[in-house]
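# Structure assessment
Read off the chains here:
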Amino acid sequence: MPNRTVFFVSDGTGITAETFGNSILAQFPAKHRHVRRPFIDCVEKAQQVAEEIAATAQREGRRPIVFITLVNEEVRRIVKGASQGLVLDMFNTFVEPLEAEFGVKSNHRVGRFSDVAKSEEYNDRIEAINFSLAHDDGQSARNLESADVILVGVSRSGKTPTSLYLAMQHGIKAANYPLIPEDFERGHLPSSLAPHKRKCFGLSIDPERLCQIRNERRPGSRYAAIENCRWEVHQAEVMMRREGIGWLSSTHKSIEEIATTILRDIRPDRLIY
């Protein structure tokens, strides 16, 4: 299957178009060239994108795939008029049937993030991001009672990116704490975490993969040695089993999969909104 150029064209950030489009493209065995074109909110910008799509089709000899989330009728018409591309209109696919079902016209609002200053959800997300940054890598044990989730696991097992994803995407206040050899020698959770054990969720990782990641940061060190990685991972898993903390391996899972599992197990209420 030949690779294609894929355009994600939106009058907002393009995140919706790209996320949805990538989910669909993942069903096909090819690695495509991605081009995001955000904030296409006027005729002039639409014409430029249409010309770019046409030029790409001519250069590559294959029509590009074009995912669009455009509200303005004229802008959408111009981009759809780029006949050299296969244009997949995600808003019209869903909005028009929903208008018929609800019996009302949609508000045709441009962009997901309109009126952010008035959005309680948006402000909650900002607060959660600040909390997660302040409680990254065990920097602070203050206000852990305010945490929604506390991620535990060995260093470089994926705690920080997962914490930030939970905060940015779901407004979850996620702290994270690295389990270190001294914790394993003591044989119990750090005292600052013990009162909040029910909020804890563990991340583990394949020792060989951990060794590879750590060697990129501190090559040739004991920290990155495969024997040490195997010992730390084993000890962390033993501790999590003993303490009754749910955990999973991050080795072959995306951040989205990890975050969804955490929400399901720790904060199922956040999956309903």
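This report concerns the structure included in the present document. Please read these numbers as outputs of a predicted model, since none were measured by experiment.

The next subject is the overall build of the protein. Summing up its helical and strand segments, the protein has 10 helices and 8 strands in all. In terms of overall dimensions, the protein is more spread out than a globule: its C-alpha atoms have a radius of gyration of 23 Å, far above the 19 Å expected for 273 residues. Put simply, the protein has 273 residues, and 41% of those count as buried. Of the roughly 15,300 Å² of accessible surface on the protein, a fraction of 51% belongs to carbon and sulfur atoms. When the 37 basic and 36 acidic side-chain charges of the protein are each reduced to a single mean position, those positions are 3 Å apart.

Turning to the pattern of salt bridges, a few remarks are in order. A full pass over the atoms with the stated rule returns 16 salt bridges. Taking the shortest distance from any N to any O, the salt bridge between Glu52 and Arg37 comes out at 2.8 Å. Highlighted residues: Glu52 in helix 2 (residues 43-60) and Arg37 in strand 2 (residues 33-37), separated in sequence by 15 residues. The class for Arg37 is partly exposed, based on a relative accessible area of 29%.

For the coordinates displayed, the defined rule picks out 3 aromatic pairs. Seen from their ring centres, Phe184 and Trp231 are 5.7 Å apart, and the 80° between their planes marks the pair as edge-to-face. Taken together, the residues Phe184 in helix 7 (residues 181-186) and Trp231 in helix 9 (residues 226-243) connect sequence positions 47 residues apart. We classify Phe184 as buried; its relative accessible area is 8%. Taking the relative accessible area as the measure of exposure, Trp231 reaches 34% and is therefore partly exposed. Note that Arg214 overlies the ring of Tyr223, its terminal NZ or CZ placed 4.2 Å from the centroid. One cation-aromatic arrangement involves Arg218 over Tyr223; the distance from NZ or CZ to the ring centre is 4.4 Å.

Looking at helix 3 (residues 73-80), one finds that the buried residues are Val75, Arg76, Ile78 and Val79. Down the axis of helix 3, the buried set is contained in an arc of 160°. They therefore lie on one face. Buried positions along helix 3 lie against helix 2, strand 3 (65-69), strand 4 (86-89) and helix 4 (90-102). Regarding helix 3, its N-cap is Asn72, as a side-chain oxygen of that residue lies 2.9 Å from the backbone nitrogen of Glu74 further along.

Attention shifts here to the sheet that holds strand 4. Whether parallel or antiparallel, the strands of a sheet pair through hydrogen bonds between backbone atoms. Taken together, the 4 strands give an open sheet; going across it, the order is 2-1-3-4, and neighbouring strands pair in parallel fashion. Sheet topology places strand 2 and strand 4 at the edges, where each strand pairs with a single neighbour. Each adjacent strand pair in this sheet contributes to an overall mean axis angle of 20°, direction not counted. Relative to strand 4, strand 3 runs parallel, the two being bridged by 4 bridges.

Scoring rules and cut-offs
Residues numbered from 1 in each chain as written. Predicted model: local features only at pLDDT ≥ 70, side-chain atom pairs only at ≥ 80, totals over all residues. Heavy atoms only, no water. Helix = DSSP H or I, 4+ residues; strand = E, 2+ residues; numbered from the N terminus. Rg over C-alpha atoms; globule rule 2.2 N^0.38 Å. Buried < 20%, exposed > 50% of the residue type's maximum accessible area, 1.4 Å probe, protein only. Areas by Shrake-Rupley, 256 points an atom, 1.4 Å probe, with all protein chains shown as cover. Lys, Arg positive; Asp, Glu negative; His and termini not counted. Charge placed at Lys NZ, Arg CZ, Asp CG, Glu CD. Salt bridge = Lys/Arg side-chain N within 4 Å of Asp/Glu carboxyl O. Phe/Tyr/Trp six-rings, centres within 6.5 Å; stacked < 30°, edge-to-face > 60°. Lys NZ or Arg CZ within 6 Å of the ring centre and 35° of its normal. Arc of directions from axis to C-beta. Contact = heavy atoms within 4.5 Å. Polar contact = N/O pair within 3.5 Å; in protein donor to acceptor, adjacent residues only side chain to side chain. Pairing = 2+ DSSP bridges. Axes fitted to C-alpha atoms, helices over the stretch in contact; angles between N-to-C directions.

Limitation: the analysis is restricted to geometry and does not speak to function.
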